[in-house]
Amino acid sequence: MRIISGKYKGRRLQLPKNYKARPTTDFAKENLFNVLNNMIEWEECEALDLFAGTGSISLELVSRGCPKVICVEKYSPNYTFIEKAKDSLNASELSIYKTDVFKYLELTKDSFDIIFADPPYDLKVLSEVPRLVLENKLLRRGGIF
């Protein structure tokens, strides 16, 4: 897994063998961030990464200058990997929550400029994610979900 741009540009983080989550490909991540670069002032952006998986998006957000990034991941091996990656980069801007995304969305009082959600393909209640984000006013005015 590679960080594309920012202060950690080019850093590679090795996923353990038999790791179940797959990081967002460099191609997809680069295209996503190319679009966002024209819309976002990274240094003023607070972000939420739901279903964080490998933490690839969270770490990219921190690398580009987001002062506050929260990622939510309930699966223990993924959580542990993200925690180790955070520590190896000394990414103090990143907070990791080991909990169910739906519990987090119902309980948090925070709001964000960007909310990224990359749920598992087989998630049966996918439509609940945008509903909870909007009902609980987690997306700031002008924010991107």
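Okay, so let's go over this structure. Nothing here was measured: the structure is a model prediction, and the numbers come from that model.

Cut-offs applied
- Residue positions are given per chain, counting from 1 as you read along its sequence in written order.
- Under the rules for a predicted model, residues below a pLDDT of 70 receive no local features and side-chain atom pairs below 80 are neither given nor counted, while totals for whole chains, interfaces and linings still include all residues.
- Values reported for side chains reflect all heavy atoms of the structure, with hydrogen atoms and water molecules removed beforehand.
- Note on definitions: angles span 0 to 180 degrees between N-to-C directions of axes, and those axes are lines fitted to C-alpha atoms, for helices only across the stretch in contact.
- The secondary structure listing takes helices from DSSP runs of H or I that are at least 4 residues long and strands from runs of E that are at least 2 residues long, numbered from the N terminus.
- In this scheme, roughly parallel covers angles under 35 degrees and roughly antiparallel covers those over 145, while 65 to 115 is roughly perpendicular and the rest are oblique.
- Each crossing gets its hand from how the near helix is turned against the far one by less than a right angle, where anticlockwise is left-handed and clockwise is right-handed.
- Residue contacts are counted whenever heavy atoms from the two residues lie within 4.5 Å of one another.
- Residues are grouped as follows: Ala, Val, Leu, Ile, Met, Phe, Trp, Tyr, Cys and Pro are nonpolar; Asp, Glu, Lys and Arg are charged; all remaining types, including Gly, are polar.
- Among buried residues, the Ala, Val, Leu, Ile, Met, Phe, Trp, Tyr and Cys ones that are joined through side-chain atoms within 4.5 Å form a nonpolar core.
- The cut-offs for exposure are 20% and 50% of the maximum accessible area for each residue type, with area from a 1.4 Å probe on protein chains only; residues under the lower value are buried, those over the upper are exposed, and the others partly exposed.
- Pairs of strands are assigned from DSSP output, requiring at least two bridges between the strands.
- The path from the first strand over the helix to the second decides the hand: if it runs clockwise while the strands point away from the viewer, the crossover is right-handed.
- For this analysis, a ring pair means two rings from Phe, Tyr or Trp (six-membered ring only for Trp) whose centres lie within 6.5 Å, classed as stacked if their planes differ by under 30 degrees, edge-to-face if by over 60, and tilted for the remaining angles.
- Polar contacts, as counted here, are pairs of nitrogen or oxygen atoms within 3.5 Å of one another; within protein the pair requires one atom able to donate a hydrogen and one able to accept it, and residues that are adjacent in sequence qualify only if both atoms are side-chain atoms.

On to the packing of helix α1 (residues 26-37) against helix α2 (residues 56-63), then. Where α1 contacts α2, the axes come no closer than 12 Å and their chain directions differ by 45°. Classified by the angle between their axes, α1 and α2 sit oblique to one another. In this structure, α1 crosses over α2, and the sense of that crossing is right-handed. Contact with α1, carried on its side by Lys29, Leu32 and Phe33, involves Ser56, Ile57, Glu60 and Leu61 of α2 and no other residues of that element. Taken together, the residues of the contact of α1 with α2 break down into four nonpolar, one polar and two charged.

Below, the discussion takes up the nonpolar core. A general tendency of soluble globular proteins is for nonpolar side chains to be buried together. Among the nonpolar cores identified, the biggest contains 31 residues, and Trp42, Leu59, Leu61 and Leu94 are the most heavily contacted of them. For this core, the element with the highest residue contribution is helix α3 (residues 76-89), accounting for five residues. Listed in part, the 15 residues of the second largest apolar core include Leu50, Phe102, Ile115 and Leu138.

Another aspect to go through is the pairing of strand β5 (residues 139-144). Relative to β5, strand β4 (residues 112-117) runs parallel, the two being bridged by two bridges. Across the sheet, the residue bridging to Ile114 is Ile144, located in β5. In this fold, β4 hands off to helix α5 (residues 128-135), which returns the chain to β5; that crossover is right-handed.

A separate point is the packing of aromatic side chains. The tally for this structure, following the rule as stated, stands at three aromatic pairs. Plain terms: the ring middles of Phe33 and Trp42 are 5.6 Å apart, the flat faces sit at 40° to each other, and that makes the pair tilted. For Phe33, a relative accessible area of 1% corresponds to the buried category. With a centroid separation of 5.5 Å and 50° between ring planes, the pair formed by Tyr97 and Tyr104 is classed as tilted. Note on Tyr97: relative accessible area 35%, which makes it partly exposed.

This part is about the side chain of Thr108. One can find Thr108 in the loop between α4 (101-107) and β4. A distance of 3.1 Å separates a polar atom in the side chain of Thr108 from the backbone nitrogen of Asp110.

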